[in-house]
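Residue-level listing of the chains:
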Amino acid sequence: MFTGIIQDKATVVDIQEGQNFRTITLTYSEKLLYQLKPGASMAHDGCCLTVTKIDGDQVSFDLMQETLRVTTLNQLKIGSNVNVEKAARLGDEIGGHLMSGHVICTACIDEICVAENNRQIWFRITDPEIMKYIFYKGFIGVDGISLTVGEMQKNRFCNYLIPETLARTTLGLKKSGDRVNIEIDPQTQAVVDTVTKTLEKITVDTRSIGTGMHVSENVIFV
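- Going by the annotation in an unreviewed UniProt entry, the name recorded for the protein is Riboflavin synthase, with Candidatus Williamhamiltonella defendens given as the source organism.
- In UniProt, the protein has this text filed under Pathway (unreviewed entry): "Cofactor biosynthesis; riboflavin biosynthesis; riboflavin from 2-hydroxy-3-oxobutyl phosphate and 5-amino-6-(D-ribitylamino)uracil: step 2/2."
- Listed under Catalytic activity (unreviewed entry) in UniProt, the entry text for the protein is "2 6,7-dimethyl-8-(1-D-ribityl)lumazine + H(+) = 5-amino-6-(D-ribitylamino)uracil + riboflavin".

Quick word on the overall build of the protein
Right, so step 1: Within the protein one finds five helices and 13 strands.
Right, so step 2: At 22 Å, the protein has a C-alpha radius of gyration far larger than the 17 Å of a compact globule built from 222 residues.
Right, so step 3: The principal-axis extent of the C-alpha atoms belonging to the protein is close to 85 × 45 × 40 Å.
Right, so step 4: Every one of the 222 residues in the protein was classed for burial, and the buried ones make up 39%.
Right, so step 5: Within the protein, residue pairs in contact and separated by at least 24 positions form 68% of the contacts whose partners lie at least 6 positions apart.
Right, so step 6: Within the structure as shown, the protein displays about 12,600 Å² of accessible surface, and the carbon and sulfur contribution to it stands at 54%.

What about the nonpolar core?
Side chains of a nonpolar character, in soluble globular proteins, are inclined to be buried together.
Right, so step 1: Ranked by size, the top nonpolar core spans 24 residues in total, and within it Ile125, Val142, Phe157 and Ile182 carry the most contacts.
Right, so step 2: Those elements that place two or more of their residues in this core are strand S7 (105-114), strand S8 (119-124), helix H3 (128-131), strand S9 (139-142), strand S10 (145-148), strand S12 (156-161) and strand S13 (179-184).
Right, so step 3: What Ile125 contacts, discounting residues up to four positions off in sequence, is Cys105, Ala107, Ile130, Met131, Ile134, Asn155, Phe157 and Ile182.
Right, so step 4: Ranked by size, the runner-up nonpolar core spans 22 residues in total, among them Val12, Ile15, Ile24 and Cys47.

What about the UniProt feature "repeat: Lumazine-binding" (unreviewed entry) in the protein?
Right, so step 1: Using the residue numbers shown here, the UniProt feature "repeat: Lumazine-binding" (unreviewed entry) corresponds to residues 1-97 and 98-195.
Right, so step 2: For residues 1-97, the helix share is 10%, the strand share is 44%, and the end-to-end C-alpha distance is 10 Å.
Right, so step 3: As annotated, residues 98-195 comprises 20% helix and 39% strand, and the C-alpha atoms at either end are separated by 22 Å.

Examining a nonpolar patch on the surface
Right, so step 1: Taken together, the side chains of Val191, Val195, Leu199 and Ile202 present a nonpolar region at the surface, about 360 Å² in accessible area.
Right, so step 2: On the secondary structure map, Val191 appears in helix H5 (residues 186-221).

Considering the sheet that holds strand S3 (residues 41-44)
Strand pairs in the sheet, formed through backbone hydrogen bonds, run parallel or antiparallel to each other.
Right, so step 1: With antiparallel pairing, six strands are arranged side by side around a closed barrel as S1-S2-S5-S4-S3-S6. With direction set aside, neighbouring strand axes in the sheet form an average angle of 45 degrees.
Right, so step 2: The pairing of strand S1 (residues 8-18) with strand S6 (residues 81-86) spans four bridges and is classified as antiparallel. Among the inter-strand pairings, Thr11 is bridged to a residue of S6, identified as Asn81.

Points about the sheet that holds S10
Right, so step 1: Overall, antiparallel pairing links the seven strands, which are arranged S10-S9-S13-S7-S8-S12-S11 in an open sheet. What marks the edges here is a single partner per strand, and that holds for S10 and strand S11 (151-152).
Right, so step 2: Inspection of the sheet shows S8 paired to S12 by six bridges, in the antiparallel sense. Along S12, the bridge assignment pairs Arg119 with Leu161.

Concerning the confidence of the model for the protein
Any segment with low pLDDT has predicted coordinates that should not be analysed in fine detail.
Right, so step 1: For the protein, the average pLDDT comes to 90, and 92% of its residues sit at 70 or higher.
Right, so step 2: Scored below 50 in pLDDT, residues 213-222 shows zero contacts in the model against residues more than four places distant or in partner chains.

Topic: unusual backbone geometry
Right, so step 1: Its identity as a non-glycine residue notwithstanding, Asp45 has a phi of 50 degrees, on the positive side.
Right, so step 2: Position of Asp45 relative to the elements: it lies in the loop between S3 and strand S4 (47-55).
Right, so step 3: Unusually for a residue other than glycine, Asp143 sits at a positive phi of about 50 degrees.
Right, so step 4: As for its placement among the helices and strands, Asp143 is situated in the loop between S9 and S10.

Conventions we followed
- Residues numbered from 1 in each chain as written.
- Predicted model: local features only at pLDDT ≥ 70, side-chain atom pairs only at ≥ 80, totals over all residues.
- Heavy atoms only, no water.
- UniProt positions renumbered as here; feature names shortened; annotations may be inferred.
- Helix = DSSP H or I, 4+ residues; strand = E, 2+ residues; numbered from the N terminus.
- Rg over C-alpha atoms; globule rule 2.2 N^0.38 Å.
- Buried < 20%, exposed > 50% of the residue type's maximum accessible area, 1.4 Å probe, protein only.
- Contact = heavy atoms within 4.5 Å.
- Areas by Shrake-Rupley, 256 points an atom, 1.4 Å probe, with all protein chains shown as cover.
- Core = buried A, V, L, I, M, F, W, Y, C linked by side-chain atoms within 4.5 Å.
- Patch = residues over 30% accessible without salt bridge, like charges linked within 9 Å, V, L, I, M, F, W, Y side chains within 5 Å.
- Salt bridge = Lys/Arg side-chain N within 4 Å of Asp/Glu carboxyl O.
- Pairing = 2+ DSSP bridges.
- Axes fitted to C-alpha atoms, helices over the stretch in contact; angles between N-to-C directions.
- pLDDT = per-residue confidence, 0-100.

Written out as structure tokens, the structure reads:
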């Protein structure tokens, strides 16, 4: 599990390609290397990856086909920077919200509005099945960053970013048209799916009752 509080940024220094497979190596800071061991889980732009090798300050990870298909990690190049967070430990402060590191889709940066003390970024998601899980003032993970939804429109939402977030994460470097990884709040998803299934069942049951009453009335009149 992760909290969406980015601990540092890391730079891609090597990419090894395979068939539907990729190994990436990043340079880690001392903060990220502290007590790090192979097998540990690390979130990169919100995607949970497993440490496969540590060589000095360089750490390697394997990316499977599904990861390359669903996330923006397939766009990484040597020199790319990513947001990094270690897995949360029992007793750690939860400054953001609980995240699994399972990216559900990507979103396109639609518009960036720059103000004196903050920045408003609009993200567009074309899939209505994803948008139904996003709510005004709700939690959302954007490139691994725990953010609060500021405003909502039909197929897009925005976040307000303070200077600290822009400096600490890669969002300060993003441009319109760039894509980001999205993780929706799992509790919100569970509630929405449960309510949707319940309402669908009630609708089916109501129709069944209505059909039964109609048949009964026909029998009476016959």
